[in-house]
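Coordinate inspection notes
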2 protein chains.
Amino acid sequence: MKIGILISGRGSNMVAITRAVQDGTIPNSKVAVVISDKSKAPGLGKARDLGVKTVVVTRRGRPREEHDAEIVSELKKHDVDLVCLAGYMRLLSSSFVREFTNRIVNIHPSLLPSFKGLDAQRQAVEYGVKVSGCTVHFVDEELDHGAIILQRPVEVLDSDDADTLSERILRIEHETYVEAVRLISGGDFRISGRRVLFGSAVGG
Amino acid sequence: MKIGILISGRGSNMVAITRAVQDGTIPNSKVAVVISDKSKAPGLGKARDLGVKTVVVTRRGRPREEHDAEIVSELKKHDVDLVCLAGYMRLLSSSFVREFTNRIVNIHPSLLPSFKGLDAQRQAVEYGVKVSGCTVHFVDEELDHGAIILQRPVEVLDSDDADTLSERILRIEHETYVEAVRLISGGDFRISGRRVLFGSAVGG
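Definitions and limits used
Residues numbered from 1 in each chain as written. Chains lettered and ligands numbered in written order. Predicted model: local features only at pLDDT ≥ 70, side-chain atom pairs only at ≥ 80, totals over all residues. Heavy atoms only, no water. Helix = DSSP H or I, 4+ residues; strand = E, 2+ residues; numbered from the N terminus. Rg over C-alpha atoms; globule rule 2.2 N^0.38 Å. Buried < 20%, exposed > 50% of the residue type's maximum accessible area, 1.4 Å probe, protein only. Contact = heavy atoms within 4.5 Å. Areas by Shrake-Rupley, 256 points an atom, 1.4 Å probe, with all protein chains shown as cover. Lys, Arg positive; Asp, Glu negative; His and termini not counted. Charge placed at Lys NZ, Arg CZ, Asp CG, Glu CD. Buried area = accessible area lost by both parts, 1.4 Å probe. Salt bridge = Lys/Arg side-chain N within 4 Å of Asp/Glu carboxyl O. Polar contact = N/O pair within 3.5 Å; in protein donor to acceptor, adjacent residues only side chain to side chain. Domains from an automatic or database assignment. Core = buried A, V, L, I, M, F, W, Y, C linked by side-chain atoms within 4.5 Å. Least-squares fit on C-alpha atoms with pLDDT ≥ 70 in both. Phe/Tyr/Trp six-rings, centres within 6.5 Å; stacked < 30°, edge-to-face > 60°. Lys NZ or Arg CZ within 6 Å of the ring centre and 35° of its normal. Right-handed = clockwise from strand over helix to strand, strands pointing away. Pairing = 2+ DSSP bridges. Axes fitted to C-alpha atoms, helices over the stretch in contact; angles between N-to-C directions. Parallel < 35°, antiparallel > 145°, perpendicular 65-115°, else oblique. Left-handed = near helix turned anticlockwise from the far one by under 90°. Nonpolar A, V, L, I, M, F, W, Y, C, P; charged D, E, K, R; others polar.

**Examining the overall build of chain A**
For chain A, the count of helices and strands is six helices and nine strands. Relative to the globule expectation of 17 Å for 204 residues, the C-alpha radius of gyration of chain A, 17 Å, shows essentially globular dimensions. Overall, chain A is about 45 × 45 × 35 Å in size when its C-alpha atoms are taken along their principal axes. Counting the 204 residues in chain A, one finds 54% classified as buried. For chain A, restricting intrachain contacts to residue pairs at least 6 apart in sequence, the fraction spanning at least 24 positions comes to 61%. On chain A, roughly 8900 Å² of surface is accessible, and the fraction owed to carbon and sulfur atoms is 48%. For chain A, the separation between the mean place of its 28 positive charges and that of its 27 negative charges on side chains is 4 Å.

**Description of the interface of chain A and chain B**
In this complex, chain A contributes 31 residues to the contact, which on the side of chain B involves 31 residues. The contact between chain A and chain B buries some 2400 Å² in all, and 53% of this surface belongs to carbon and sulfur atoms. On the chain A side of the interface with chain B, the three residues burying the most area are A:Tyr127, A:Lys130 and A:Arg195, jointly 30% of the side's total. Seen at the junction of chain A and chain B, the total is zero salt bridges. For the pair chain A and chain B, the number of links is 17 residue pairs in polar contact (both at pLDDT 80 or more). Counting residues per element, the side of chain A that touches chain B draws most heavily on strand 7 (residues 148-155) of chain A, which supplies six residues.

**What to know about the domain arrangement of chain A**
Many analyses report the size of an interface as the accessible area lost when the parts associate. Residues and elements named next belong to chain A. As assigned here, chain A comprises domain 1 (1-100) and domain 2 (107-204). Relative to domain 2, the C-alpha centre of domain 1 lies at a distance of 20 Å. On the domain 2 side, the residues contacting the 19 residues of domain 1 number 15 residues. Together domain 1 and domain 2 conceal approximately 1500 Å² of surface at their shared face, both sides included; 73% is due to carbon and sulfur atoms.

**Some details on the nonpolar core**
Core analysis: the largest hydrophobic core is formed by 46 residues, its most contacted members being B:Ile5, B:Cys84, B:Val105 and B:Ile149. At seven residues, the largest contribution of residues to this core is made by helix 6 (residues 162-185) of chain B. Two domains each donate at least three residues to this core, and these are domain 1 (1-100) and domain 2 (107-204) of chain B. In this structure, B:Val105 is in contact with B:Leu82, B:Val83, B:Cys84, B:Leu85, B:Val136, B:His137, B:Phe138, B:Val139, B:Ile149, B:Tyr177 and B:Ile184, ignoring residues within four places of it in sequence. Of all hydrophobic cores here, the second largest spans 45 residues; its members include A:Val34, A:Ala147, A:Leu150 and A:Val156.

**Considering the relation of the copies chain A and chain B**
When chain A is fitted onto chain B, the two copies agree to an RMSD of 0.0 Å after a turn of 180 degrees and an axial shift of 0.0 Å. Read as a symmetry element, the transformation amounts to a two-fold axis. Minimal C-alpha distance to the rotation axis in chain A is attained by A:Ser114, lying at 2.8 Å. The fraction of interface residues of chain A whose copies in chain B are also interface residues reaches 100%, indicating that both copies meet through the same surface.

**A closer look at the packing of aromatic side chains**
Counted under the stated rule, the structure contains eight aromatic pairs over all chains. Here the aromatic cluster, defined as three or more aromatic residues joined through ring pairs, consists of A:Phe138, A:Phe189 and A:Phe198. Across the ring face of B:Tyr127, the terminal group of A:Arg194 is positioned such that the distance to the ring centre comes to 3.8 Å.

**So, the pairing of strand 1 (residues 2-7) of chain A**
Every regular strand shows the same layout, with side chains that alternate between the two sheet faces. All names here are of chain A. A large share of strand 1 lies buried, amounting to five of its six residues. Each parallel crossover has a hand, and the one from strand 1 via helix 1 (residues 12-22) to strand 2 (residues 30-36) is right-handed. As paired strands, strand 1 and strand 4 (residues 82-86) are joined by five bridges and run parallel to one another. Directly across from Ile7, in strand 4, lies its bridge partner Ala86.

**Remarks on the pattern of salt bridges**
All names here are of chain A. With the rule as written, the count across this model stands at 15 salt bridges over all chains. The partner of Lys77 in a salt bridge is Glu74, and the shortest N-O contact between them spans 3.1 Å. Remark: Glu74 and Lys77 occur in helix 3 (residues 64-77); sequence separation between them is three residues, near one turn of the helix. Assessed through its relative accessible area of 58%, Lys77 is described here as exposed. Across the pair Arg168 and Asp160 runs a salt bridge whose closest N-O atoms are separated by 2.8 Å.

**A word on the side chain of A:Ser114**
Mapped onto the elements, A:Ser114 comes out in the loop between strand 5 (104-108) and helix 5 (120-127). Among all residues touching A:Ser114, those that are not within four sequence positions of it are B:Leu111, B:Pro113 and B:Ser114.

**Some details on the side chain of B:Gln151**
Considering the arrangement of structural elements, one finds B:Gln151 in strand 7 (residues 148-155). Among the polar contacts listed, one links the side chain of B:Gln151 to the backbone nitrogen of A:Lys130, at a separation of 2.8 Å. Separated by 2.9 Å, the side chain of B:Gln151 and the backbone oxygen of B:Leu112 make a polar contact. Not counting residues up to four positions away in its chain, the partners in contact with B:Gln151 are A:Val129, A:Lys130, A:Val131, B:Leu111, B:Leu112, B:Cys134 and B:Thr135.

**Re the packing of helix 5 of chain A against helix 6 (residues 162-185) of chain A**
Residue and element names in this part refer to chain A. In the contact formed by helix 5 and helix 6, the axes pass within 9 Å of each other and the chain directions differ by 120 degrees. Of the possible angle classes, the one that applies to helix 5 and helix 6 is oblique. Considering how the two elements wind past one another, helix 5 and helix 6 form a crossing that is right-handed. Seen from helix 5, the contacting residues are Gln121, Arg122, Ala124 and Val125; seen from helix 6, they are Ala162, Leu165, Ser166 and Ile169. Partitioned by chemical class, the residues of the contact of helix 5 with helix 6 number five nonpolar, two polar and one charged.

Put into structure tokens, the structure is as follows:
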């Protein structure tokens, strides 16, 4: 399985996935390319340090479709089977999503469907939930909406603000994202309605 | 602390709270009355078996305000400090909520704000979440909306349907509801915005 990872910033989830691919935790896979829409994303240097090819595709004022078409073309040039969004700060166009139906995944720092969109950790703290977490899901054309692959809960402490909660969720994100990619890399799942079912449940 | 519990059905959370009061898990408290809006609620017999006084106040086609006024009058007659909804299937009128501001609590079988309203467990299964749970919250005039006291996560299994998930959440509900009532019975909390903060965080 060839993986392409899209980043906009520090790419800590990109690093976690790349390491898991390289040490065999995610088996029979390769990170073929890391693509950033920001030329100064700190994650680019980290990807190169890990021996992964990087490509920068900035928006340059183009319509989203044109920008996405160039990214899709880079992904295809590298024979990418699975696209992982890792702090990629743009909505994907429907043509991008259609090119990789059920082959684009994202991680979001809340237990969806609660707290979609930006600043999910702050939303959680302000709402006063006692449990938040993270969600790995397939990407469709709606924001933070696709079928859910894996979720992990994280306790919200009375002492938490958005920053401390973000930090604790981020630590769980790395292992959750790796586990989710490992789960779907085997292909041993099916999607029933909105449910992603694995292993022995696949036959059912 | 005198507790009044409102039920409409089997009242399994009412039984859990009553037992916890009687065995001292919830200290310095008494269940003063169990009120049902259904004369045939199976929970009524269980309450009497536990030695708790029961009252039936049916709606009888009256406006909600009138029905609620009779319930409030029963609660006051029994000097109730804290009202626990336990499978009580009605929205409270604003006058009821105002009479007991921050002294009415409810349990809901999801991690709010996800899956408000009826059939929360079925909503969760159909949405395809991998983590659901239960929420104990203060009751305000909006459905399943008040400040959150305690939440506990429950894993959703690939083999789950609404019934099996409901069963597993219900088991967690009992201990969560008891723990939440114990936490607020001490009075050692404050509400900041929507956040309910306990103990050492109270000074902050």
